[in-house]
Amino acid sequence: MRREVSLGLTALLLCSGLSAQSVSFVSRGDFSAGSGPSSLAIGDCNGDGRPDLVVVDSSNVSVLLGLGSGTFQPPLSAATGSGSDFVVVGDFNGDGKLDLAVADSSSNDVSVLLGVGLGNFQPVFRLPVGSNPRAIAAGDFNGDGRLDLVVVNAGSNNVSVLLGIGGGTFRAGLTFAVGSNPQAIAVGDFNGDGKLDLAVANAGSNNISILLGDGSGTFRPGSSVAVENSPGFIVARDFDGDGKLDLAVANTGSNDVSVLLGTGAGLFRTGLSFPVGQGPVSIAVADFDGDGKLDLAVANSRSDNVSVLLGAGLGRFQAARNFAAGSNPVSVAVGDFNGDGKPDLAVANGGSNNVSILLNVGSGTTPSVSTVSAASGNPAVAPESIASAFGSALAGSTASAQSQPLPTTLDGVTVEVRDSAGTSRLAPLFYVSPTQINFEIPPGTAQGQATVNVPSGGRVLSGTAQVNPVAAGLFTADGSGRGVAAALGIRKAIPTNVETTFPIFQCGSDGKCISVPIQLGVDTPVYVSLFGTGIRNRSSLDRVTVTINGTSAPVLYAGPQGGFAGLDQVNIAIPLSLRGSGEVDLVLTVNGVAANTVRINIG
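About the criteria used
- Residues numbered from 1 in each chain as written.
- Predicted model: local features only at pLDDT ≥ 70, side-chain atom pairs only at ≥ 80, totals over all residues.
- Heavy atoms only, no water.
- Helix = DSSP H or I, 4+ residues; strand = E, 2+ residues; numbered from the N terminus.
- Rg over C-alpha atoms; globule rule 2.2 N^0.38 Å.
- Buried < 20%, exposed > 50% of the residue type's maximum accessible area, 1.4 Å probe, protein only.
- Contact = heavy atoms within 4.5 Å.
- Lys, Arg positive; Asp, Glu negative; His and termini not counted.
- Charge placed at Lys NZ, Arg CZ, Asp CG, Glu CD.
- Core = buried A, V, L, I, M, F, W, Y, C linked by side-chain atoms within 4.5 Å.
- Salt bridge = Lys/Arg side-chain N within 4 Å of Asp/Glu carboxyl O.
- Pairing = 2+ DSSP bridges.
- Axes fitted to C-alpha atoms, helices over the stretch in contact; angles between N-to-C directions.
- 1 Å grid on protein atoms, 1.4 Å probe; cavity = no way out; pocket = protein on both sides within 12 Å on 5 of 7 lines; lining within 4 Å.
- Points joined across faces, edges and corners; volume = space filled by probe spheres on them.
- Nonpolar A, V, L, I, M, F, W, Y, C, P; charged D, E, K, R; others polar.
- Polar contact = N/O pair within 3.5 Å; in protein donor to acceptor, adjacent residues only side chain to side chain.

Asks: What exactly am I supposed to notice about the overall build of the chain here?
Replies: Scanning the chain from N- to C-terminus turns up one helix and 53 strands. At 26 Å, the chain has a C-alpha radius of gyration in line with the 25 Å of a compact globule built from 603 residues. In the chain, which comprises 603 residues, the proportion classed as buried is 55%. Here the analysis covers contacts within the chain between residues at least 6 apart in sequence; of these, 51% occur between residues at least 24 apart. With 31 positive and 46 negative side-chain charges, the chain shows a spacing of 7 Å between the two charge centroids.

Dropping the structure here:
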């Protein structure tokens, strides 16, 4: 049972998508920083108003004072404990000068160095913590106005809280259990109660432990959120603009970043994962392209580069742009190092014993095209799936295809897809505009990295697209890839088997869409037809699963919609046991890979 596509959904397919910007970085040079640096932080250590670099290696901390031109003075060094892995800056004694706290994994302690204010520090004192401390963060966990410390202990699978008591000294607090082999921590108020909470990335158990603070320096276990392979770094920011903290997690083993969207109640929904380079180990956050949306910079330890993912809003990101760093980059941080008002990058390189400075030059001089799934915003696409390409000056005007089969030239614009086997094909076009093109990945496109070329104004704008056999994405009512599913409800009368369709969402003139409850009868079967793309090449129907609020829903059909190029349809039966569930998550998985999570409302 295939369903006709409404005019509203047709418009969504033709012109929906993410706004796109561009950014570029150029090298300002590499600056020596100890032997095998492992962590990097930014702060004004000498009070001159310019950002300085703080770098730790196995047993030292080096401070490189900024000159304001993107360059730095030779390092000033001080001893720390053994196996220093991570550094955090803060004013721990309240004298207005930056201090340092360093997690020492080999000596199982924290080194505290109080700043003198000239870029140098008083002699170190050390505080014992758990086994193999790998990360550290600062915050006022007991509400006394003094900074406290929390330390991630990879060897003892817990975190230690050290409460500040004034003068830069600390007393041992409690330890709190987390997952297996914890590697990183983020601090924020995740449940909106005004008290700081913790999110810990556990590389051994491939999950995130949420610990909710009570305001006294103690924490209780919260939720646990699954992520990809070997999460090694985590940051907390509001990536979807809803006023609630979200999480971005660097998965070292699966070479991607997972974005987990916060509900504001201490819970997180699994979002999308975005491919980056090889061995991502650190994340920095800033608005690099000045569009008002947060972007990510990810240090990739095995591919010797930094991936920059520009935010598209609603917790989604464009495909990664990669910029070369030194050997084995292990930490990345943000600062305006040349005073031009743009956020630049500093990258600590463990293999080349230096810090690379990458200056933000805005849109740069290299035109590029970023290609993602038109449904989910995920960078992966599939043959015959609907894709969106973003850039600047892609077309001279806006135009939409008026009939099928789709044209390969629209208002003078063409898109060439050259696949991994070297075969070039012109893509069928839905929609073109100066900043966005919606098109179908040509049938027969080989798996692997493809090149997408858009001739424009005597030049060719180019980018890459990751082509997988399946790249499932579900359309949503507002075109964001999140929220209420763009779908139809079907009710079948008994015993006549007469089917009637009904809407499961409605959208206002302001573009905001809400769910319409699906009323379940006692003995009248109710079905839902979901619309998406990148699904039709699934290996078999039993490799397509749907869960609604954690309950499996029978999948009756998954394949081409039949009336619209590139559009796929998944028909499911709604289990009667879900009656009264309200608005809940729906998760589609195809060939073992989850699509973007959408919502439906069951009355």
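Asks: What's the story with the nonpolar core in this structure? I'm lost.
Replies: The nonpolar side chains of a soluble globular protein tend to be buried with one another. Judged by nonpolar contacts, the single largest core of 31 residues is most densely connected at I548, I572, L588 and I600. Sorting the residues of this core by element identifies strand 46 (526-533), strand 47 (544-548), strand 49 (555-560), strand 50 (568-573), strand 51 (582-590) and strand 53 (598-602) as the ones contributing at least two each. The greatest single-element share of this core, amounting to four residues, is contributed by strand 51. The next biggest cluster of nonpolar side chains, apart from the first, holds 23 residues, and it includes A395, L429, V452 and V467.

Asks: Whenever I open this one, the pattern of salt bridges confuses me. Can you help?
Replies: Side chains carrying opposite charge are able to pair once their charged atoms draw close together. Enumeration according to the criterion identifies 11 salt bridges in this entry. D48 is paired through a salt bridge with R50; the nearest N and O atoms lie 3.7 Å apart. Overall, R50 belongs to the partly exposed group, its relative accessible area being 37%. Residue K492 pairs with E499 through a salt bridge whose shortest N-O separation is 3.9 Å. The network of salt bridges with shared partners includes E384, R536 and D568.

Asks: Explain the sheet that holds strand 13 (residues 169-177) here, please?
Replies: Strand pairing in a sheet relies on backbone hydrogen bonds, with the paired strands running either antiparallel or parallel. With antiparallel pairing, the four strands of this open sheet are ordered in space as 10-11-12-13. Only two strands of the sheet have a single partner each, and these edge strands are strand 10 (133-139) and strand 13. Across the sheet, the mean angle from the axis of one strand to that of its neighbour is 20°, orientation sign disregarded.

Asks: Hey, could you run me through empty space enclosed by the protein in this one?
Replies: Sizing a probe to match a water molecule and rolling it over the atoms shows the empty space that remains. Inspection of the entire model under this criterion finds one cavity of 30 Å³ or more. One number sums up the size of the largest cavity: a volume of about 160 Å³. At the level of elements, strand 20 (256-262), strand 21 (268-275) and strand 53 are the ones that each hand at least two residues to the lining of the largest cavity. Classifying every residue of the lining of the largest cavity by side-chain character gives five nonpolar, eight polar and five charged.

Asks: How should I be thinking about the layout of surface pockets in this particular structure?
Replies: By volume, the largest pocket is sized at about 980 Å³. E228, T270, G271, S273 and A594 are the residues nearest the centre of the largest pocket, which is lined by 39 residues in total. If you tally residues by element for the lining of the largest pocket, the top one is strand 21, at eight residues. Looking at side-chain class alone, the lining of the largest pocket contains 18 nonpolar, 17 polar and four charged residues. When its volume is computed, the second largest pocket comes out at roughly 740 Å³. Lining the second largest pocket are 28 residues, with F86, F233, I234, V235 and I283 positioned closest to its centre. The element that contributes the greatest number of residues to the lining of the second largest pocket is strand 18 (residues 231-237), accounting for five residues. When its residues are assigned to classes, the lining of the second largest pocket shows 25 nonpolar, two polar and one charged.

Asks: Please clarify how the side chain of D344 should be interpreted in this entry.
Replies: Inspection of the secondary structure assignment puts D344 in strand 29 (residues 344-349). The side chain of D344 sits in the buried core without any salt bridge; K342 is the nearest counter-charge, 7.7 Å away. At 2.9 Å, the side chain of D344 and the backbone nitrogen of F337 are in polar contact. The contact partners of D344, leaving out residues within four places of it in the chain, are F25, A333, V334, G335, D336, F337, N338, L358, L359 and N360.

Asks: Help me out: how do you make sense of the pairing of strand 19 (residues 246-251) in this one?
Replies: Put simply, side chains in a regular strand alternate between the two faces of the sheet. Burial analysis of strand 19 places six of its six residues in the buried class, the great majority of the element. Of the two faces of strand 19, both are covered, the one formed by D246, A248 and A250 as well as the one formed by L247, V249 and N251. Alignment of strand 19 against strand 20, held across five bridges, turns out to be antiparallel. Looking at the pairing, A248 lines up with V259 of strand 20.

Asks: Can you walk me through the sheet that holds strand 24 (residues 305-309) in this structure?
Replies: Pairing within the open sheet is antiparallel, and its four strands lie in the order 22-23-24-27. The outermost strands of the open sheet, each flanked by one partner alone, are strand 22 (280-286) and strand 27 (321-324). Across this sheet, the average inter-strand angle for adjacent strands is 25°, counted without regard to direction. In terms of strand pairing, strand 22 meets strand 23 (residues 295-300) through six bridges, oriented antiparallel.

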